[in-house]
Amino acid sequence: MAIKLVAVDMDDTLLDGTLKVSPRTCEVIQKAHEQGVLVTIATGRMFSSAMPFAQELNIRTPIITYNGGMIRSAFTKEMLFHKTISPEVAGKIVEFFHEKGWYLQSHMNDELFVVERNEKAKLYESIAGIAAVPIGDTFYSMRHEPTKMLAIAEPHEILEIQRKINNEFAGDIYAASSKSNYLEMMHPSVNKGHGLELLAQSLNITREEVMAIGDSNNDIPMLEYAGFGVAMGNATDKIKAVAQAVTGHHNAHGVAEAIEKYVLK
């Protein structure tokens with residue numbers, strides 16, 4: 001069956017090591033558009049962080065951001081879907097992280113709130129191209145209703161944080177790693193697979209007509225949903241095992257290669 005919709009993860013997938021889209025990939029996505037194939041971004045990033053890339057690539061299809069927590073047009077800003085973590089659960093997560101002394105940031109109304117602009121916050125700012133809003137200890141007492149909360153720590157610490165979060169908040173949130181040092185937390189119904197399903201349904205496209213490309217654990221739900229899942233060459237064996245095909249490395253035009261091979265006529 002012909003592919004009508006391609007969903008592409010951003011970091012370590014669409015973007016190369018310099019956090020840019022290669023000219024070849026831009027050209028191939030444009031060719032897909034010309035052949036009537038819809039292309040979207042499916043990322044853990046904030047909408048405001050993903051939007052410039054969607055505009056650069058002339059992606060008119062709503063983009064999936066916050067791991068599926070917000071689906072929105074990069075051009076009209078029209079909202080197709082938005083789901084937040086409940087204030088009660090968010091408050092407990094903030095308290096839990098405060099007690100443990102772990103770093104936490106909160107994404108609300110497409111803004112990034114932190115206690116202070118420490119090294120972790122600055123690193124995130126540099127990657128996302130977003131300025132954090134430091135609010136001091138108010139962070140611990142304010143009413144949070146975030147689209148996403150994010151922990152940043154060393155990879156071995158992230159595994160431990162994820163284990164404890166899954167034990168403490170089972171059923172209350174969905175937690176997945178997007179990078180080895182990131183743990184992303186959303187409403188329990190939110191993931192890239194559900195987001196991609198909602199988008200495809202809104203476009204009257206069946207899952208068999210969808211191709212998804214990704215490299216990380218948070219991409220697994222969309223690779224499983226899509227009729228054709230493609231893992232990046234730089235993905236782990238766990239991700240490759242879920243996919244139907246493996247393409248090139250993100251620094252070697254892997255996304256362009258996949259679209260050329262499996263989508264373009």
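Structure shown above.
A brief report on the enclosed structure follows. Remember, it's a predicted structure, so these values are computed and weren't measured experimentally. (Residues numbered from 1 in each chain as written. Predicted model: local features only at pLDDT ≥ 70, side-chain atom pairs only at ≥ 80, totals over all residues. Heavy atoms only, no water.)

**A few points about the overall build of the protein**
In plain terms, the rule: Strands here mean DSSP runs of E at least two residues long; helices mean DSSP runs of H or I at least four residues long; both are numbered from the N terminus. Under the scheme applied here, a residue whose accessible area is under 20% of the maximum for its type counts as buried, over 50% as exposed, and between as partly exposed, the area being computed with a 1.4 Å probe on protein chains only. Contact between two residues is taken to exist if any of their heavy atoms lie within 4.5 Å; hydrogens are not considered. The accessible surface values rely on the Shrake-Rupley method and a 1.4 Å probe; as for residues, cover is taken only from the protein chains in view. Charged residues are defined narrowly, with Lys and Arg counted positive, Asp and Glu counted negative, and His plus the chain ends left uncounted. A charge is said to be at NZ when it belongs to Lys, at CZ for Arg, at CG for Asp and at CD for Glu.
What the protein contains, in helices and strands, is 11 helices and 14 strands. C-alpha atoms of the protein, sized along the principal axes, occupy 55 × 40 × 35 Å. The buried share of the protein, taken over its 265 residues, is 55%. Counted over contacts in the protein with a minimum sequence separation of 6, partners at least 24 positions apart contribute 58%. Carbon and sulfur atoms make up 49% of the accessible area of the protein, which totals about 11200 Å². The distance from the centre of the 25 positive side-chain charges to the centre of the 33 negative ones in the protein is 3 Å.

**A short note on the nonpolar core**
This is how it is decided: Remark: nonpolar core denotes a set of buried residues (Ala, Val, Leu, Ile, Met, Phe, Trp, Tyr, Cys) joined through side-chain atoms within 4.5 Å.
Within the largest apolar cluster, 47 residues are counted, with the highest numbers of intra-cluster contacts made by Val6, Leu14, Met211, Ile213 and Ile259. Of all the elements, helix α3 (residues 47-56) adds the most residues to this core, at five residues. Among all residues touching valine 6, those that are not within four sequence positions of it are Val37, Leu38, Val39, Thr40, Met211, Ile213, Ile259 and Val263.

**Structural notes on helix α2 (residues 23-34)**
Worth spelling out the cut-off: To estimate the expected span of a helix, subtract one from its residue number and multiply by 1.5 Å. In this description, one arc is meant: the one made by directions from the helix axis to the C-beta atoms.
Between its first and last C-alpha, α2 extends 17 Å over 12 residues, near the 16 Å set by a 1.5 Å rise per residue. Listed as buried for α2 are Thr25, Val28, Ile29 and Ala32. Mapping the buried residues of α2 onto a view down its axis gives an arc of 100 degrees, with all of them on the same face. Turned more than 90 degrees off the buried face of α2, the exposed positions are Pro23 and Glu34. Glycine 36 sits one or two positions beyond α2 and adopts a positive phi of about 85 degrees.

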